[in-house]
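Working through the structure, step by step
Here are the chains, one letter per residue:
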Amino acid sequence: MLHDSSRIIVAFYPHTLSRMKTFYQEFVEVLSESDLLFIAPVALSARKDGTEEEAEELSQNLCRETGGVFAESDEKMKALLLSVLHRGDVCVTMGAGNTQGIRTLLTQDGT
């Protein structure tokens, strides 16, 4: 049950440039609803639908449009989350990559 003081904190790992480009406005709309948002670079797929530079640029643009913060690595994501999470917050990890890895790293620190 969420309390009045609970915040929704999202760690988003976008997947594939083609998907991000297709649904970009929908991602902006939905992700803007979070209280705090951290965004990793778009994960490139085996389809080779873009470059690492394009992935970072699209993620940076998404950050600007949603008020999110760019987290260029799992370690940066962990540090950002640890710096803001408080008891009662709800932290949602979603998207590509090993989001379970972030959960594991956070719970090892007693969060």
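Up top is the structure.
Now for a look at the structure at hand. (Residues numbered from 1 in each chain as written. Predicted model: local features only at pLDDT ≥ 70, side-chain atom pairs only at ≥ 80, totals over all residues. Heavy atoms only, no water.)

1. Points about the nonpolar core
The condition is simple: Definition of nonpolar core: a set of buried residues of the types Ala, Val, Leu, Ile, Met, Phe, Trp, Tyr and Cys, connected through side-chain atoms within 4.5 Å. Relative accessibility under 20% of the residue-type maximum defines a buried residue, over 50% an exposed one, and the middle range a partly exposed one, all with a 1.4 Å probe and only protein chains included. Secondary structure elements are taken from DSSP: a helix is a run of H or I of four residues or more, a strand is a run of E of two residues or more, and numbering for both begins at the N terminus. A contact between two residues is defined here by any heavy atoms of the two lying within 4.5 Å.
Ranked by size, the top nonpolar core spans 16 residues in total, and within it Phe12, Met20, Leu31 and Leu62 carry the most contacts. At the level of elements, strand 1 (8-13), helix 1 (17-22), helix 2 (24-31), strand 2 (36-39) and helix 3 (52-66) are the ones that each hand at least two residues to this core. Apart from the residues lying within four places of it in its own chain, the contact partners of Phe12 are Met20, Phe27, Leu31, Leu37, Phe38, Ile39, Ala40, Leu62, Met77 and Met94. Ala11, Ala40, Leu81 and Leu85 belong to the second largest nonpolar core, which has 12 residues in total.

2. As for the pairing of strand 1
For the record, the criterion: The rule for pairing is simple: two strands pair if DSSP sees at least two bridges between them.
With five of its six residues buried, strand 1 lies for the most part within the structure. Bridge analysis of strand 1 against strand 4 (residues 90-95) gives six bridges, and the strand direction is parallel. Residue Phe12 lies in a different strand from strand 4, and its bridge partner there is Met94. Note that strand 1 and strand 2 share four bridges and pair parallel. Its bridge partner being in strand 2, Val10 is matched across the sheet by Leu37.

3. As for helix 4 (residues 74-84)
Put simply, the rule is: Working definition: the arc comes from the directions between the helix axis and the C-beta atoms, pointing outward to the latter.
All of the buried residues along helix 4 are Met77, Lys78, Leu80, Leu81 and Val84. The arc enclosing the buried residues of helix 4, seen along the axis, measures out at 165°, which places them on a common side. Every exposed residue of helix 4 that faces more than 90 degrees away from the buried side is listed here: Glu75 and Ser83.

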